[in-house]
Amino acid sequence: MSDVMVRAENVHKSFGSLEVLKGIDLEVRAGEVCCVLGPSGSGKSTFLRCVNHLEKINAGRIFVDGDLMGYRERGGKLHELGERDVAKQRRSIGMVFQRFNLFPHMTVLQNVMEAPCRVKRESKADVRDRAVALLDRVGLGAKTESYPGQLSGGQQQRVAIARALAMRPKLMLFDEPTSALDPELVGEVLDVMKDLARDGMTMVVVTHEIGFAREVGDKLIFMDGGVVVEQGAPREVIANPQHERTRAFLSKVL
Ligand code: ADP
Ligand code: MG
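Because the structure is predicted, anything quoted here is derived from the model rather than measured. (Residues numbered from 1 in each chain as written. Chains lettered and ligands numbered in written order. Predicted model: local features only at pLDDT ≥ 70, side-chain atom pairs only at ≥ 80, totals over all residues. Heavy atoms only, no water.)

Here we look at helix α9 (residues 244–253)
Point 1. Residues of α9 that are buried include every one of T246, F249 and L250, and no others. Projected onto a plane normal to the axis of α9, the buried residues spread over an arc of 95° and lie on a single side. Exposed and oriented more than 90 degrees from the buried face of α9 are E244, S251 and K252.
Point 2. Turning to α9, the residues buried within the fold contact β3 (33–37), α7 (210–216), β11 (219–224), β12 (227–232) and α8 (234–239). (Buried < 20%, exposed > 50% of the residue type's maximum accessible area, 1.4 Å probe, protein only. Helix = DSSP H or I, 4+ residues; strand = E, 2+ residues; numbered from the N terminus. Arc of directions from axis to C-beta. Contact = heavy atoms within 4.5 Å.)

This is the structure:
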């Protein structure tokens, strides 16, 4: 494993004439939790999607664990990877969205087993054991045979986290994982994420949960208008923001 888990260099992304990412540079070391804050529309989700190559960037480069995402470098030139190779790169990156997107017709256990079974390098029994252990870990050991519709939003999001972990990712991306939840359910999801962080998982977390960023984050990135306005140790940035835009944003969410 390389020491740096994510390195983004001068990442640019446009949709048509709309330039959404205007040169993002960022580094997340292995085992770090990097929290990304910023107003709506600042490009946070787009950036996460670029990291696992769900979006193709227009300029710059993104490395995950030393692997150039989406491309192969040969003779000083970049060659786009085929779908299979991209899928292989993506497999080591777990993603959790605001909406849990569980398969409604599958049980909780089947949801967690689905991806590793589809990839088919492991026996079903091994995948099942791991899935049960993961569901235990997120506090849902008693819900393996339930269907998503029978669970609360917080429980569904914990299943979504277990499902991402079932692929044994080396990096987890979270895009506002608690924004769609009723306030009383936010804590149980943050607790699972905290436990993951304590266990050494490298995480990039887009969130408005300042308390989580302060307590769990190793690094805080503040984005606005497609650029990283400010970054640093969460406590320092939150207590003493250096830029007016950061101050204005924090005064609204604190
Ligand atoms: P954030 O997550 O910070 O709220 P997003 O990354 O979702 O911001 O969006 C940044 C900007 O990019 C917004 O103006 C949004 O409308 C635009 N955008 C995002 N995805 C697309 C897309 N697929 N096509 C066109 N515009 C998009
Ligand atoms: Mg977003």
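Points about the site of ligand 1
Point 1. The full set of residues close to ligand 1 is F15, L18, V20, P39, S40, G41, S42, G43, K44, S45 and T46.
Point 2. At 2.7 Å, a backbone N or O of G41 approaches an oxygen atom of ligand 1.
Point 3. The contact in question runs from an oxygen atom of ligand 1 to an N or O atom on the side chain of K44, over 2.8 Å.
Point 4. If ligand 1 stood free it would expose 560 Å²; the protein chains cover 58% of that surface.
Point 5. Taken together, the elements giving at least two residues each to the shell around ligand 1 come down to β2 (18–29) and α1 (44–51).
Point 6. Per element, the largest residue contribution to the shell around ligand 1 is 3 residues, and it comes from α1.
Point 7. The residue makeup of the shell around ligand 1, split by class, is 4 nonpolar, 6 polar and 1 charged. (Near = heavy atom within 4 Å. Polar contact = N/O pair within 3.5 Å; in protein donor to acceptor, adjacent residues only side chain to side chain. Areas by Shrake-Rupley, 256 points an atom, 1.4 Å probe, with all protein chains shown as cover. Nonpolar A, V, L, I, M, F, W, Y, C, P; charged D, E, K, R; others polar.)

With respect to the UniProt feature "domain: ABC transporter" (unreviewed entry) in the protein
Point 1. Residues annotated in UniProt with the feature "domain: ABC transporter" (unreviewed entry) correspond here to residues 6–250.
Point 2. End C-alpha to end C-alpha, residues 6–250 measures 26 Å, and it is 37% helix and 28% strand. (UniProt positions renumbered as here; feature names shortened; annotations may be inferred.)

With respect to the packing of aromatic side chains
Point 1. For the coordinates displayed, the defined rule picks out 1 aromatic pair.
Point 2. Ring centres of F222 and F249 lie 5.4 Å apart, and the angle between their planes is 45°; this geometry places the pair in the tilted category. Highlighted residues: F222 in strand β11 and F249 in helix α9, separated in sequence by 27 residues.
Point 3. Classification of F222 by relative accessible area gives buried; the value is 1%.
Point 4. Residue class for F249 comes out buried when judged on its relative accessible area of 9%. (Phe/Tyr/Trp six-rings, centres within 6.5 Å; stacked < 30°, edge-to-face > 60°.)

Re unusual backbone geometry
Point 1. Of note in the backbone geometry, H53 takes a positive phi value of approximately 65° without being a glycine.
Point 2. Despite not being glycine, N101 has its phi angle at roughly 50°, a positive value.
Point 3. Relative to the elements of secondary structure, N101 occurs in the loop between β8 (93–96) and α3 (108–119).

Re the pattern of salt bridges
Point 1. With the rule as written, the count across this model stands at 22 salt bridges.
Point 2. One salt bridge connects D65 with K170, and the closest N-O pair in it is separated by 3.0 Å. Placement of D65 in the loop between β4 (59–64) and β5 (67–68) and of K170 in the loop between α5 (153–165) and β9 (171–175) is noted, with a sequence separation of 105 residues between them.
Point 3. Residues R137 and D199 are paired through a salt bridge, measuring 3.4 Å at the closest nitrogen-oxygen approach. With R137 in helix α4 (residues 124–137) and D199 in the loop between α6 (183–198) and β10 (202–206), this residue pair connects regions lying 62 residues apart in the sequence.
Point 4. The exposure class of R137 is partly exposed, given its relative accessible area of 34%.
Point 5. Salt bridges here are not isolated pairs; linked through shared partners, they connect D3, R7, E9, E27, R29, R61 and E73. (Salt bridge = Lys/Arg side-chain N within 4 Å of Asp/Glu carboxyl O.)

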